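Residues per chain, in single letters:
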Amino acid sequence: MKFTKDWLKDHLKTNKTEAQIIEKLNNIGLEVEKVESEKNELGDFIIAKIIKAEKHPNADRLKLCHVDIGQKKLVKVVCGGPNAKDNLLTIYAPPGSIIPKNNMKLEVSKIRGEISYGMLCSESELNLSNESEGIIELDQNYKTKIGKRYFKSNSDNVIELSITPNRPDCLGIRGIARDLSASGFGKLIDNKISKIKKTGKQTLKVTIEKGKTQACTIFGSCIIKNIKNQESPDWLKKRILSLGLRPISAVVDVTNYIMYDLNRPLHAYDLDKINQGIIVRNSKKGEKFKALDNKEYNLDGGMCVISDHQEVLGLGGIIGGIKSGTELNTKNILLESAYFDPEITRKTAKKLELNSDAKFRFERGIDPNSIKMGLEKASEMIIKICGGEISKLDIQSTKKIEIKKILFDPIIVSKTIGIKIKNNEIIKILRDLGFKITKKSKSLSVEIPSWRPDIHDQIDLVEEVIRIKGFDKIQSVEPEKKRLKPTLDFFQRHFHLAQRSVASKGYLEAITWSFTDEKINNNFRENIPEVKIINPISSDLNVLRSSLYPNLIFFLKKNIDRGFENQSIFEIGPVFTGKKPGQQITVICGIKKEHFLDIYDIKKDVVKTLVELGIGKNETTIVIKTPNYYHPGRSGSIVTKTDQKLLAYFGEINPKIINKTFGFEIFLENLVNYKSQNKKDKPTITFSDYQKSDRDFAFVVQKDLKAQDLIEIISKVDSSLIKKVKIFDVYQGGNIPSDKKSIALKVTIQSDFKTLNEKDLNEISQKIISNVEEKASAKLRS
Amino acid sequence: MSDFAKLRDELKNKLTKAQNSKEVDVIRTEIFGKNGLINLEFKKLGSLSPEDKKKVASEINSAKQELTKLFNNKVTKLIDDEIDQRIKKEKDDVTLPEKDFEIGKIHPVSQVIDEISSIFSEIGFSVEEGPDVETEYYNFTALNTPENHPAKDMHDTFYIEENMKTLLRTHTSPVQVRTMLKGKPPFKIIAPGRTYRSDSDQTHTPMFHQLEGLHIDKNITMGHLKGCLNYFIKEFFEVNKIKMRFRPSHFPFTEPSAEVDIGYKIENNKIVIGEGDKWLEILGCGMVHPNVLKNSKVDPNKFQGFAFGIGIDRLAMLKYGINDLRSFFECDYRWLNYYGFDPLDVPTNYRGLSK
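Keep in mind the model is a prediction, meaning the values are calculated, not measured.

Summarise the overall build of chain A; cite the residues concerned and give the values.
Secondary structure summary: chain A contains 18 helices and 42 strands in total. Against the globule reference of 28 Å for 782 residues, chain A gives a C-alpha radius of gyration of 42 Å, more extended than a compact globule. Counting only C-alpha atoms, chain A reaches 125 × 90 × 60 Å along its principal axes. When each of the 782 residues of chain A is scored for burial, the buried share is 39%. Put simply, of all contacts in chain A between residues at least 6 apart along the chain, 69% involve residues at least 24 apart.

Here it is as structure tokens:
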């Protein structure tokens, strides 16, 4: 919403400065977004004097002028104006300025071989009149002003507000004035009552078809005959321009003017193009309509249209049609001022993807009581500019305008904001905003003004009071430093720990979109259902991710392109398993690309992270089964021994997806569930101080025997004596048969009760050998 | 001088002159060995009278002590000499680089979430979370934003289902409703998380992070809201004073609603928070609308309170001088390394927020 202080003064008698007004507007909830000097391109045009006008050497009709623009040097300008002559005072447009008539930006150019620095302007080029025959001739009064701007620069700034959707009333300058007045910034000037004579009845029949889904409940109109439509006068054009709109004709400009002045959208029809009468009805499916934006719309059923007996003339509250639009030669008009239901209007516009100033206002709620005022003010302006005769107003309505009242207990104000405001002050603020108040014992009966569709409850009135009183009056209460509940719950603590645990292993944390490319995602989706976004930001971000890998790999590759061959990155975040709320799990996924990396590097990272998260190595086992996006021979899953809960995957990523890259995924919910179901108290530990002995063994085993199983067999031989089994070599080839391998390991044996002697040690060693040979069909390597 | 004394002095002399551990070893046997001086001398004791025995024994013992001391000193000296010799030869170029190591990093957004949690922890807020995929009901309707209301235009929503009933949450506010529905007042929570709007340009990304705050109890007023935010902003930016401005605004789920600006100035191309005459909008807040409380099965006649929503990414940008929001999500290795935080740098109440 844009306005100028000059325009505001039509409604508000105030002596406040622009800066004060801007500050106040911010403080009462009408946020000032921008302050711009009005049409500042007009500031470029400079009063100048032609010192000498010579004939252009290469063109008969052109002149080469040496022009004084108030600077040391004269500038050379090629000019086609027949009246260009020595000593003429005129207006100069420098290179870079924009000519209002055609919105062209001037450039230094060569005209028939002569360079021209800028241009001397005609009245038509500056949109001052239609005079285009010669350049402007200024009188001698301007002699002392050479080099100065022609257009006064003391014109108002354009103040742009960002109006929140609850305040349609402030989409009109009068509403802004009312708010300012209520906050002590001047007096709201009464709307003048029109004194223009209205002759005759409005003769065009207007019918509103009744129905539950009828958006239009009031349709007011009047006819103005025998006008001479024309360009608007300068003052009106200037105001239309300040709104950022383009002046079109007096009739159209006036309707726009009233829309911004009173927040009262109007529409003008060419009366002679209306077939018999106006019918406000719901559209039929398949009806076509060509709107003023030059687009043809295919209407659904049930959209509110203004039609005549032949066809659709306009979409109610949204946009008018080409057929009945006014033009400069329009003689007779029908002026419409109506009320359209916000919700239905919004729905229609949304379906047709149509936006307009009128729709923006109607969907927020227009004052139904402004219909008459709008018609009167507009028609008065039109006949002042274009002449003509106005008919009496015709107001058709199907519904009485409701008067909303709220019983308001003013105690709620202090209860909500924490400071006391006297009842008298509350009443004054509300009255100044247009609320009508009668006292009812301790409460107030508050009648809501018809321009405030946003006020429903007592709490809305509280906001009105404190908004005008000033939020700075609220006294800050120091927060209490008291904690009743732990800040993080069990799961959140693990999230936090997991994040920092992985980062501490040299991984950089990345945050990537929760969505990804369907095609890449499919590589990682397995059996998880695909979750599509109906309206993605781009076609390569069209599904919710089923894994953290797609985005991480995408960015890993990008970093490789940036020249980083060695990388470790990770992300912790949601992965989506379905399209219902809550169908998501938390995954920590790391990827690593380095020279000389192998599966045991990544396994170390994931196992160490699990240990740091409180999962002992002896609580899990490795299962050789992973999703297809892992290298089948170089990946594994880590599951809990007690209940086979999947805690993590690790391994080389399938080379079909990316070459020589390793990764892991930890499933945090599974981990935390396992931990909360297997809470263990840390037992008191006793350390054995008796002699520890190491014995080395080498077994020749089947090639596919898992090291994990061998360790398991040995550990179980005597768990009270065997403290540790560590593999230190795996060997194939040489004198080992090709279907076998040799595993060398060190077993640490220690008793908690005595020093083991040679005999004890031999006994346990023999037991180990026989167990392994029997259970793993192995042979001790000699 | 007795033979013993002579032999003793001879050995003493030998020991003093010994040059290396091999020689010392030989002398050691000569003194302390099975047939060494001391043992042989003790053996002789048996043939002596009790009086002489006593006298000679004490002589031997003192000689033994003397020789032991001398011997130990000699051994220590020899070891020291040998180490000195070795050290002289051992010389490494310590300016050669250390072995490779990698320092991982925590993303600034995660770090800032931890900082915020730490600050609110101090005043009794706990952390709640909600799903990224939400229903229309929790994201809008329950938050007093009816269907076909222009307030929805402020949110460009990503939809998951054609019927627009499931969507990616456009703000963290649905966590308010979910939290209240599953518990009983009072509520004092913050909810950080991912949020989504179909918007992408210089200053908007389709995914960003928000922090929701909610405090519902009896008699919680806008004064408490002001105090809480004032405390938070001061702690977060680690400054002693802060300039703050509450401007009335509109959010369907709070009434009265406000936007909060903080004062700042630009000094040497850097932003200084808390001083100066420029204003920067940083958050939206207000008193929870009675309709939201009703939708959350909380009696608005008994309970009231405030809620706020802050853009986490923006806070991170301001605090750590990051210019481009989009860079947060582009995973540039250099960026992650430069703006990321050491994982050991955990923001805590007792240690402080930043290093």
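Give me the lowdown on the overall build of chain B, citing residues and values where you can.
Scanning chain B for helices and strands turns up 11 helices and 10 strands. A globule of 355 residues ought to have a C-alpha radius of gyration of about 20 Å, yet chain B, at 40 Å, is considerably larger. Here the C-alpha coordinates of chain B stretch approximately 120 × 50 × 45 Å along the principal axes. The 355 residues of chain B split such that 42% are buried.

Which residues make up the pairing of strand 38 (residues 662–667) of chain A, and what values go with them?
Residues and elements named next belong to chain A. In terms of burial, strand 38 is largely enclosed, as 6 of its 6 residues are buried. Both faces of strand 38 are covered, namely the face carrying F662, F664 and I666 and the face carrying G663, E665 and F667. Two strands pair when backbone bridges link them, and strand 34 (residues 584–593) and strand 38 are joined in this way by 6 bridges, in the antiparallel orientation. From the neighbouring strand, G590 faces strand 38, where its bridge partner is F664. Looking at chain direction, strand 37 (residues 646–653) and strand 38 are connected through 5 bridges and run antiparallel. Residue Y649 lies in a different strand from strand 38, and its bridge partner there is E665.

Residue-level account of the interface of chain B and chain A, with values.
Opposite the 65 residues of chain B that make contact, chain A presents 73 residues. For the side of chain B that touches chain A, the secondary-structure elements that each account for two or more residues are helix 5 (108–122), strand 1 (126–127), strand 2 (133–135), helix 8 (222–237), strand 6 (244–251), strand 7 (254–267) and helix 11 (333–339) of chain B. It is helix 8 of chain B that provides the largest number of residues to the side of chain B that touches chain A, a total of 8 residues. Taken together, the residues of the side of chain B that touches chain A sort by class into 30 nonpolar, 23 polar and 12 charged.

Could you give an account of the nonpolar core, with specific residues and numbers?
Residue and element names in this part refer to chain A. In terms of nonpolar packing, the biggest core is built from 218 residues, with I382, L552, A648 and I666 touching the most fellow members. No other element matches the 9 residues that helix 5 (residues 250–262) contributes to this core. In this structure A648 touches V606, L610, S637, I638, F664, E665, I666 and F667, once residues within four positions along its chain are discounted. The next biggest cluster of nonpolar side chains, apart from the first, holds 23 residues, and it includes A53, V67, C79 and Y92.

Can you explain the sheet that holds strand 36 (residues 630–640) of chain A? Please cite residues and give values.
Residue and element names in this part refer to chain A. Reading across the sheet, the 7 strands line up as 30-33-34-38-37-36-35 and stay open at both edges, with mixed pairing between neighbours. The open sheet has two edge strands, strand 30 (508–509) and strand 35 (620–623), and neither has a second partner. Examined bridge by bridge, strand 35 and strand 36 share 4 bridges and lie antiparallel to one another. Opposite T620, over in strand 36, you have T640 as the bridge partner. Against the sheet, helix 14 (residues 549–561) touches strand 33 (567–576), strand 34 and strand 38, its axis set at about 25° to strand 34. In the packing of helix 16 (residues 668–677) onto the sheet, contacts are made with strand 34, strand 36, strand 37 and strand 38, and the angle to strand 38 comes to roughly 45°.

Let's hear about helix 3 (residues 37–44) of chain B: which residues, and what values?
Residue and element names in this part refer to chain B. Looking at helix 3, one finds that the buried residues are L37, I38 and E41. Along the axis of helix 3, the buried positions cluster into a sector of 95°, meaning they face one direction only. Residues of helix 3 that are buried make contact with helix 1 (3–17), helix 2 (21–32) and helix 4 (50–89).

How would you sum up unusual backbone geometry? Please name residues and give values.
Residue P186 of chain B is bonded to the preceding P185 of chain B through a cis peptide linkage, with omega at 5°. Tracing the chain through its elements places P186 of chain B in the loop between helix 7 (174–182) and strand 4 (187–196). Positive phi values are uncommon outside glycine, yet N226 of chain A reaches one of about 60°. Within the secondary structure, N226 of chain A is located in the loop between strand 16 (216–225) and helix 4 (234–242). Of the residues examined, N226 of chain A has 11 C-beta atoms within 10 Å and is grouped as exposed. Of note, S441 of chain A is a non-glycine position whose phi angle comes to about 45°, a positive value.

Describe the packing of helix 5 of chain B against helix 10 (residues 312–320) of chain B, with residues and values.
Working note: a packed helix pair is described by the angle between its axes plus the distance between those axes. Residue and element names in this part refer to chain B. Orientation of helix 5 relative to helix 10, taken along the N-to-C sense of each, is 95°, at an axis distance of 9 Å. Relative to helix 10, the element helix 5 is oriented roughly perpendicular. Taken together, the residues of helix 10 that come into contact with helix 5 (itself represented by P108, V109, V112 and I113) are I312, D313, L315, A316 and Y320. The class makeup of the residues in the contact of helix 5 with helix 10 is 8 nonpolar, no polar and 1 charged.

Give a description of the domain arrangement of chain B that names residues and reports values.
Partitioning chain B into domains gives domain 1 (3–89) and domain 2 (108–339). The centre of domain 1 of chain B, based on its C-alpha atoms, is set 85 Å off from the matching centre of domain 2 of chain B.

Just give me the short version of the environment of E530 of chain A, but keep the residues and values in it.
As for its position among the elements, E530 of chain A is in the loop between helix 13 (518–525) and strand 32 (543–544). Other than its neighbours up to four places away in sequence, E530 of chain A contacts R525 and V543 of chain A.

With reference to specific residues and values, describe the sheet that holds strand 27 (residues 405–408) of chain A.
Residue and element names in this part refer to chain A. With antiparallel pairing, the 3 strands of this open sheet are ordered in space as 27-29-28. The open sheet terminates on both sides in strands that have one partner only, identified here as strand 27 and strand 28 (436–440). Averaged over all pairs of adjacent strands, the angle between strand axes in this sheet comes to 20°, irrespective of strand direction.

Which residues make up the packing of helix 17 (residues 707–717) of chain A against helix 18 (residues 758–775) of chain A, and what values go with them?
Residues and elements named next belong to chain A. Contact pair helix 17 / helix 18: the axes reach a minimum separation of 9 Å and the direction vectors enclose 140°. It follows that helix 17 is oblique to helix 18 by the angle criterion. Every pair of crossing elements has a handedness; the one defined by helix 17 and helix 18 is right-handed. Between helix 17 and helix 18, the residues in contact are L710, I713, I714 and V717 and K767, I768, N771, V772 and K775, respectively. Counted by class, the contact of helix 17 with helix 18 contains 6 nonpolar, 1 polar and 2 charged residues.

With reference to specific residues and values, describe the pairing of strand 33 of chain A.
Residue and element names in this part refer to chain A. Here strand 33 lies mainly inside the structure; 9 of its 10 residues are buried. Looking at chain direction, strand 30 and strand 33 are connected through 2 bridges and run parallel. Looking at the pairing, L508 lines up with I569 of strand 33. Alignment of strand 33 against strand 34, held across 10 bridges, turns out to be antiparallel. Within strand 34, the residue paired with E571 across the bridge is C589.

Residue-level account of the confidence of the model for chain B, with values.
With 99% of its residues at a pLDDT of 70 or more, chain B has an overall mean of 90. What the predictor reports for the complex is a pTM of 0.83 with an ipTM of 0.87.

I'd like a description of the environment of K641 of chain A, backed by residues and values.
Residues and elements named next belong to chain A. Locating K641 in the fold gives a position in the loop between strand 36 and strand 37. Here the alpha-carbon distance between K641 and T620, two residues 21 residues apart in the chain, equals 5.1 Å. Ignoring anything within four residues of it in the chain, the contact list for K641 reads E619, T620 and T621.

Before we move on, can you summarise helix 8 (residues 371–386) of chain A with the specific residues and values?
The periodicity of an α-helix, 3.6 residues per turn, causes residues three or four positions apart to be oriented the same way. Residue and element names in this part refer to chain A. With 16 residues, helix 8 extends 22 Å between its outermost C-alpha atoms, agreeing within 8% with the 22 Å of an ideal straight helix rising 1.5 Å per residue. Where helix 8 is concerned, the buried positions are I371, G374, L375, E376, K377, A378, S379, M381, I382, I385 and C386. At its buried positions, helix 8 is contacted by strand 16, helix 5, strand 24 (333–340), strand 25 (389–390) and strand 26 (394–397).

How each quantity is defined
- Residues numbered from 1 in each chain as written.
- Chains lettered and ligands numbered in written order.
- Predicted model: local features only at pLDDT ≥ 70, side-chain atom pairs only at ≥ 80, totals over all residues.
- Helix = DSSP H or I, 4+ residues; strand = E, 2+ residues; numbered from the N terminus.
- Rg over C-alpha atoms; globule rule 2.2 N^0.38 Å.
- Buried ≥ 20, exposed ≤ 12 C-beta atoms within 10 Å, placed from the backbone.
- Contact = placed C-beta atoms within 7 Å.
- Pairing = 2+ DSSP bridges.
- Nonpolar A, V, L, I, M, F, W, Y, C, P; charged D, E, K, R; others polar.
- Core = buried A, V, L, I, M, F, W, Y, C linked by C-beta atoms within 7 Å.
- Axes fitted to C-alpha atoms, helices over the stretch in contact; angles between N-to-C directions.
- Arc of directions from axis to C-beta.
- Parallel < 35°, antiparallel > 145°, perpendicular 65-115°, else oblique.
- Domains from an automatic or database assignment.
- Left-handed = near helix turned anticlockwise from the far one by under 90°.
- pLDDT = per-residue confidence, 0-100.
- Expected span 1.5 Å × (residues − 1).

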